[in-house]
Amino acid sequence: MKQYDVILPAAGSGKRMGAGHNKLFLELREKPILIHTLEVFEQDSACKGIWLAVKPEEREYIQSLLVKYNIKKVKALPDGGAERQDSVYSCVKKVEDGEIVLVHDAARPFITIPVIHKLVEAAEEKGAVIAGVRTKDTMKKVENGVIVETVDRSNLWMIQTPQAFQFTILQEAENAAEKDQFLGTDEAMLVERLGQVVHIVESSYDNVKITTKEDLIFGEAILSQRIGG
Ligand SMILES: Nc1ccn([C@@H]2O[C@H](COP(=O)(O)OP(=O)(O)OP(=O)(O)O)[C@@H](O)[C@H]2O)c(=O)n1
Ligand SMILES: C[C@](O)(CO)[C@H](O)COP(=O)(O)O
C-alpha cells in the first residue's frame, strides 16, 4: 500500500457544542479530542505527514499539545479559514508532493487504521473514495413541518471522513471551487461537480463527528468498549 498524507481541519469554533471554545480541546479520558485524532495517524506507519489547519490564535497552544503528547508527524499548521472548506484549502496549498491525500475531520477521533487503509488502497486504484455508513432510520423529506415524501433509503448513505484522493484530483477540485466560489459540505462535492466518479468505502457507526454534547457521552462509551474501564 502507498504511503499517504492527511489534512486535518481543526480550526472550527464548536458552536453546536457550546463549550465557549474550540471543542477539540475538550477531553475524553483526560486527553483532548484533537490528540485522540492525531494519535491514530501518528501510530499509522503508512501516514507520512499531517497538515493541521488551525486558528492563528490557537496555534501556540496546539503546538504545546503536540510536544506534550509527542506528536511528530505534523508538517505544517496553516491558518484555517471562516469555513471548513477554507481550512482544508489552506492545507491543500501547502501539500506539494502528495500522491494519496486524505482529508479527515479532527472532530472524528474514533477512525480506525483498517478503515483508513481500505480508503488509501481504493484511492490508489480509483482516484476518489469516501467513508460512509448506510442510513438506519426511515428517511423523509420535510417542507414547512410537513412530510412531502418518504425517501427510499436503500441507496442512502451518511457520509463521513476520511475522504481519500489522488492528490491531483483533490487539488484540481479545490482550485476550481475556489475560482467558482463554490462552497460544499465535504470534499467529494467539489470532486463530483467536475464529473469525476467518487467511490464509497463502508466505514463504522463509531466514526462519529463530535458535534453536540451528547456526542461526548457516545465518545466515552466507545472508548470504554475499546479500552475498558
Ligand atoms: N472554519 C472551520 C470550520 C470547521 N473546521 C473543522 O472541520 C471539522 C468539522 O467541522 P464541525 O464539526 O462543524 O466543527 P465546528 O465548526 O468546530 O463546529 P460548529 O459547526 O458547531 O461550530 C472540525 O474538525 C473543525 O475543527 C475548520 O477547520 N475550520
Ligand atoms: C465532511 C463531513 O464531516 C461529512 O459528514 C460533514 O459534511 C462536515 O459538516 P459540518 O457541518 O462542517 O460539520
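Residues numbered from 1 in each chain as written. Chains lettered and ligands numbered in written order. Predicted model: local features only at pLDDT ≥ 70, side-chain atom pairs only at ≥ 80, totals over all residues. Heavy atoms only, no water.

- An unreviewed UniProt entry lists the protein chain under the name 2-C-methyl-D-erythritol 4-phosphate cytidylyltransferase, with Viridibacillus arenosi FSL R5-213 given as the organism.
- Quoted verbatim from the Function (unreviewed entry) field of the UniProt record, the comment on the protein chain reads "Catalyzes the formation of 4-diphosphocytidyl-2-C-methyl-D-erythritol from CTP and 2-C-methyl-D-erythritol 4-phosphate (MEP)." (UniProt positions renumbered as here; feature names shortened; annotations may be inferred.)

## Looking at the site of ligand 1
Then comes step 1: Residues in contact with ligand 1 amount to 19 residues; listed here are only the nearest, Ala11, Gly14, Lys15, Lys23 and Ser87.
Then comes step 2: Within the backbone of Gly81, a nitrogen or oxygen atom sits 2.8 Å from a nitrogen atom of ligand 1.
Then comes step 3: Within the side chain of Lys209, one N or O atom sits 2.9 Å away from an oxygen atom of ligand 1.
Then comes step 4: Relative to its free-state accessible area of 560 Å², ligand 1 is covered by the protein chains to the extent of 90%.
Then comes step 5: Looking at side-chain class alone, the shell around ligand 1 contains 7 nonpolar, 5 polar and 7 charged residues. (Near = heavy atom within 4 Å. Polar contact = N/O pair within 3.5 Å; in protein donor to acceptor, adjacent residues only side chain to side chain. Areas by Shrake-Rupley, 256 points an atom, 1.4 Å probe, with all protein chains shown as cover. Nonpolar A, V, L, I, M, F, W, Y, C, P; charged D, E, K, R; others polar.)

## Regarding helix H2 (residues 59-68)
Then comes step 1: Within H2 the residues assigned to the buried category are Ile62, Leu65 and Leu66. Down the axis of H2, the buried set is contained in an arc of 100 degrees. They therefore lie on one face. Relative to its buried face, H2 has exposed residues pointing more than 90 degrees away, namely Glu60, Val67 and Lys68.
Then comes step 2: On the buried face of H2, the contacting elements are strand S3 (31-32), helix H1 (33-43), strand S4 (47-53) and strand S5 (74-76).
Then comes step 3: The first or second residue beyond H2 is Asn70, which carries a positive phi of 60 degrees. (Buried < 20%, exposed > 50% of the residue type's maximum accessible area, 1.4 Å probe, protein only. Helix = DSSP H or I, 4+ residues; strand = E, 2+ residues; numbered from the N terminus. Arc of directions from axis to C-beta. Contact = heavy atoms within 4.5 Å.)

## Comments concerning the packing of helix H3 (residues 84-92) against helix H5 (residues 167-180)
Then comes step 1: Where H3 meets H5, the closest approach of the two axes is 11 Å, and the angle between their N-to-C directions is 125 degrees. The angle between H3 and H5 falls in the class oblique. Crossing geometry of H3 relative to H5 is assigned as left-handed. Only Phe167, Leu170, Gln171, Glu174, Asn175, Ala177 and Glu178 of H5 make contact with H3, whose side of the interface consists of Gln85, Val88, Tyr89 and Val92. (Axes fitted to C-alpha atoms, helices over the stretch in contact; angles between N-to-C directions. Parallel < 35°, antiparallel > 145°, perpendicular 65-115°, else oblique. Left-handed = near helix turned anticlockwise from the far one by under 90°.)

## Observations concerning the site of ligand 2
Then comes step 1: Around ligand 2, the neighbouring residues are Arg16, Arg84, Asp105, Arg108, Ile159, Thr161, Thr185, Asp186 and Lys209.
Then comes step 2: The separation between an oxygen atom of ligand 2 and a polar main-chain atom of Thr185 is 2.8 Å.
Then comes step 3: Measuring from an oxygen atom of ligand 2, one finds a side-chain N or O atom of Lys209 at 2.5 Å.
Then comes step 4: Relative to its unbound accessible area of 360 Å², ligand 2 is 73% covered by the protein chains.

## Section: the side chain of Thr135
Then comes step 1: Here Thr135 is to be found in the loop between strand S7 (128-134) and strand S8 (139-143).
Then comes step 2: Each residue touching Thr135, except ones within four places of it in the same chain, is listed here: Arg153, Leu156, Trp157 and Met158.

## Describing H3
Then comes step 1: Within H3, 7 of the 9 residues are buried, which leaves the element mostly enclosed by the surrounding structure.
Then comes step 2: Taken residue by residue, H3 has Gln85, Ser87, Val88, Tyr89, Ser90, Cys91 and Val92 as its buried positions.

## Re the nonpolar core
One recurring pattern in soluble globular proteins: nonpolar side chains tend to sit buried together.
Then comes step 1: Grouped together as the largest cluster of nonpolar side chains are 47 residues, with contacts concentrated most on Tyr4, Leu34, Leu38, Phe41 and Leu52.
Then comes step 2: At the level of elements, strand S1 (4-9), H1, S4, H2, strand S6 (100-103), helix H4 (113-126), S7 and helix H7 (213-227) are the ones that each hand at least two residues to this core.
Then comes step 3: With sequence-adjacent residues up to four places away left out, Tyr4 is seen in contact with Phe41, Asp44, Ala46, Cys47, Lys48, Gly49, Ile100, Leu102, Ile116 and Val120.
Then comes step 4: Judged by nonpolar contacts, the second largest core, of 20 residues, contains Ala53, Val88, Ile169 and Leu170. (Core = buried A, V, L, I, M, F, W, Y, C linked by side-chain atoms within 4.5 Å.)

## Considerations on the pattern of salt bridges
Then comes step 1: Scanning all chains against the criterion turns up 13 salt bridges.
Then comes step 2: For the salt bridge of Arg29 with Glu220, the shortest nitrogen-to-oxygen distance reads 3.8 Å. Taken together, the positions of Arg29 in the loop between strand S2 (27-28) and S3 and Glu220 in helix H7 put the pair 191 residues apart, joining distant regions of the chain.
Then comes step 3: Residue Arg29 is classed as partly exposed on the basis of its relative accessible area, which comes to 33%.
Then comes step 4: For Glu220, a relative accessible area of 31% corresponds to the partly exposed category.
Then comes step 5: A salt bridge links Asp105 to Arg84, with the nearest nitrogen and oxygen atoms 2.8 Å apart. (Salt bridge = Lys/Arg side-chain N within 4 Å of Asp/Glu carboxyl O.)

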